[in-house]
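Structure at a glance
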Amino acid sequence: MKPFIADLHIHSRFSRAVSKDMVPENLYRWAQLKGISVLGTGDFTHPGWCLELQEKIEPAEPGLYRLKPELAKKVDAEIPESCRGEVRFLLTSEISSIYKRYGRTRKVHNMIYASSFTEVSNLNDKLAQIGNIRSDGRPILGLDSEELLRIMLELSPQSLFVPAHAWTPHFSVFGANSGFDSLEECFGELTPHIKVIETGLSSDPPMNWRLSQLEGITLISNSDAHSPSKLGRECNVLNCDLSFEGIKQAFTNGFSPQFLGTIEFFPAEGKYYYDGHRNCQIRLTPEETRAHQGMCPECGKMVTVGVLHRTEALSDQPIGYRPEKGLPYWSLVPLVELLAEVRGAGVNTKGVQEAYHHMLARLGPELFILREIPLADIEENGGRLLALSVQLLREGHARIDPGYDGEFGRVRMLSPEDRD
Ligand SMILES: [Zn+2]
Ligand SMILES: [Zn+2]
């Protein structure tokens, strides 16, 4: 088995604020353009999406699915030869739990990965008795996270439970607004069953390594994509058996040689890295927030405390601490953003989009271009400045205006001198 890339958190067209293009055919296409071999289906709790999946995908390796050949054939014609590869689907879903615990309102997103439609239907039958799973692909249930985990362990013990984007302020296990200070507070006696957390776009492994309480926990990364072109912006590099169990073992054994590491955003590019108020255009570092007693200097209300602040608050290890078993990670910037910067144009402009697809057709999938393709080949097909951008990226040099309170950060690779 060669190493492969897995992105196991996305949403379907049945979730709020998600592109209508999130259908199996487009997922299959874009997984190949990105270089992803195993893609989460998202939203298996939604009856409409579940039905569409059952119509369009079929069993492949144990616990994994493939797009039916008659559908795949139609899409293949639109995929450049250079990007073609096998794509497998893994059944995933995310549940938004909103509930009271220890006298406070908690809002936590958790994911469940399942290895068959039988497991999915067992879970869905139970969840449908608890709340409405039809209105949204990411259902909102008044169900305690610990209770959700208990249900999964009872009805589908082979499945894997993963707290989603563990640090986002509004909807996560450690979130500053409505989360907890420890996994134990959230999951009680079932905490030993939490072996894996998703770090989210605004945090990277070094930020998580500063918490001793996470030392035995595997950190994974996924895109949480709401449109096809965002697939793989964060993902996992695995070198395990291509099967549900292979992937589950690689994650839960944690630091096994089957899990090579994660592909990450620069966390400052995430939407909740710094603190602040988007509406007031106030962005604060954690120190600045403390100096203002947590209040917005513009409107006087409490600011949204971001992920950097929150990880620091819960950390008990110094900056730069790396546990013995900390996995490698690679910080990347989407190729369209590099192209947009080089050309001084927006990411959705015709020129940038054409250049993007031209490069994929010439060189291969995006993640391969960003990580592996020789710079000389990038220069030949994308020009000298783009090759320099990729070189700087690989060396870890990015200049970022950090994101805050729902506003993405802005990354630049090139200085005015580079352009000269
Ligand atoms: Zn979520
Ligand atoms: Zn404000």
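Please read these numbers as outputs of a predicted model, since none were measured by experiment. (Residues numbered from 1 in each chain as written. Chains lettered and ligands numbered in written order. Predicted model: local features only at pLDDT ≥ 70, side-chain atom pairs only at ≥ 80, totals over all residues. Heavy atoms only, no water.)

1. Focus: the coordination of the zinc ion (ligand 2)
Every protein donor of the zinc ion (ligand 2) is accounted for by His277 (ND1), Cys280 (SG), Cys296 (SG) and Cys299 (SG), and the metal-donor separations fall at 2.0 to 2.4 Å. Its four donor atoms give the zinc ion (ligand 2) angles of 99 to 124° at the centre, a pattern that matches the tetrahedral case. Each donor residue of the zinc ion (ligand 2) belongs to the same chain, and together they define the spacing H-x2-C-x15-C-x2-C. You can see histidine 277 sitting in strand E13 (residues 275–277) and its partner cysteine 296 sitting in the loop between helix H9 (286–291) and helix H10 (307–314), a full 19 residues away along the chain. (Donors = N, O, S within 2.8 Å, 3.2 Å for Na, K, Ca; no water. Tetrahedral: all angles 85-135°; square planar, octahedral: opposite > 155°, others 65-115°. Helix = DSSP H or I, 4+ residues; strand = E, 2+ residues; numbered from the N terminus.)

2. Remarks on the side chain of threonine 285
Residue position: threonine 285 is located in the loop between strand E14 (282–284) and H9. In this structure threonine 285 touches Tyr274 and Asp275, once residues within four positions along its chain are discounted. (Contact = heavy atoms within 4.5 Å.)

3. Examining helix H5 (residues 145–155)
Of all the positions in H5, only Ser145, Glu146, Leu148, Leu149, Ile151 and Met152 are classed as buried. Tucked into the core, H5 has its buried residues touching strand E5 (88–101), strand E6 (104–114), helix H4 (117–130), strand E8 (160–163) and helix H6 (183–187). (Buried < 20%, exposed > 50% of the residue type's maximum accessible area, 1.4 Å probe, protein only.)

4. So, the packing of helix H11 (residues 335–343) against helix H12 (residues 350–363)
Direction vectors running N to C along H11 and H12 enclose 125°, while the axes themselves pass 9 Å from each other. Our classification of the angle between H11 and H12 gives oblique. Crossing handedness for the pair H11 and H12: right-handed. In this structure, H11 uses Leu335, Val336, Leu339, Ala340 and Arg343 to contact H12, whose residues at the interface are Gly351, Val352, Gln353, Ala355, Tyr356, Met359 and Leu360. The class makeup of the residues in the contact of H11 with H12 is nine nonpolar, two polar and one charged. (Axes fitted to C-alpha atoms, helices over the stretch in contact; angles between N-to-C directions. Parallel < 35°, antiparallel > 145°, perpendicular 65-115°, else oblique. Left-handed = near helix turned anticlockwise from the far one by under 90°. Nonpolar A, V, L, I, M, F, W, Y, C, P; charged D, E, K, R; others polar.)

5. Looking at the coordination of the zinc ion (ligand 1)
Distances from the zinc ion (ligand 1) to its protein donors, Glu94 (OE), His109 (ND1) and His165 (NE2), fall at 2.1 to 2.3 Å. Here the donor residues for the zinc ion (ligand 1) map to a single chain with the spacing E-x14-H-x55-H. Of this pair, glutamate 94 sits in strand E5 while histidine 165 sits in the loop between E8 and H6, and the two are 71 residues apart along the sequence. Relative accessible area serves as the criterion here: at 9%, histidine 165 is assigned to the buried category.

6. Brief notes about the domain arrangement of the protein
Here the protein is described as being made up of domain 1 (4–268) and domain 2 (335–397). Put simply, the middle of domain 1 and the middle of domain 2, counted by C-alpha atoms, are 29 Å apart. At the interface, 15 residues of domain 1 touch 13 residues of domain 2. Carbon and sulfur atoms make up 70% of the surface buried where domain 1 meets domain 2, a total of about 1,000 Å² over both sides. For the domain 1 face of the interface with domain 2, the top three residues by lost area are Lys34, Ser82 and Phe266, together amounting to 41%. Remark: the boundary between domain 1 and domain 2 carries one salt bridge. In this structure, glutamate 366 engages lysine 34 in a salt bridge whose closest nitrogen and oxygen atoms are separated by 2.7 Å. At the boundary of domain 1 with domain 2, the tally comes to five residue pairs in polar contact (both at pLDDT 80 or more). Broken down by secondary-structure element, the contributors of at least two residues to the side of domain 1 that touches domain 2 are helix H1 (24–34) and strand E11 (235–238). (Domains from an automatic or database assignment. Buried area = accessible area lost by both parts, 1.4 Å probe. Salt bridge = Lys/Arg side-chain N within 4 Å of Asp/Glu carboxyl O. Polar contact = N/O pair within 3.5 Å; in protein donor to acceptor, adjacent residues only side chain to side chain.)

7. As for the pattern of salt bridges
If you walk through the whole model with that rule in mind, you get 22 salt bridges. For lysine 56, the salt bridge goes to glutamate 52, with nearest N and O atoms at 3.1 Å. In this pair, lysine 56 and glutamate 52 are both assigned in helix H2 (residues 47–56), four residues apart and thus about one turn of the helix distant. Each member of the pair, lysine 56 together with glutamate 52, is buried. Residue glutamate 189 pairs with arginine 150 through a salt bridge whose shortest N-O separation is 3.4 Å. Highlighted residues: glutamate 189 in the loop between H6 and strand E9 (196–198) and arginine 150 in helix H5, separated in sequence by 39 residues. Take glutamate 189: its relative accessible area is 62%, and that puts it in the exposed class. By relative accessible area, which is 25% here, arginine 150 ends up partly exposed. One salt-bridge network, in which partners are shared between bridges, spans Arg101, Asp144, Glu146, Glu147, Arg150 and Glu189.

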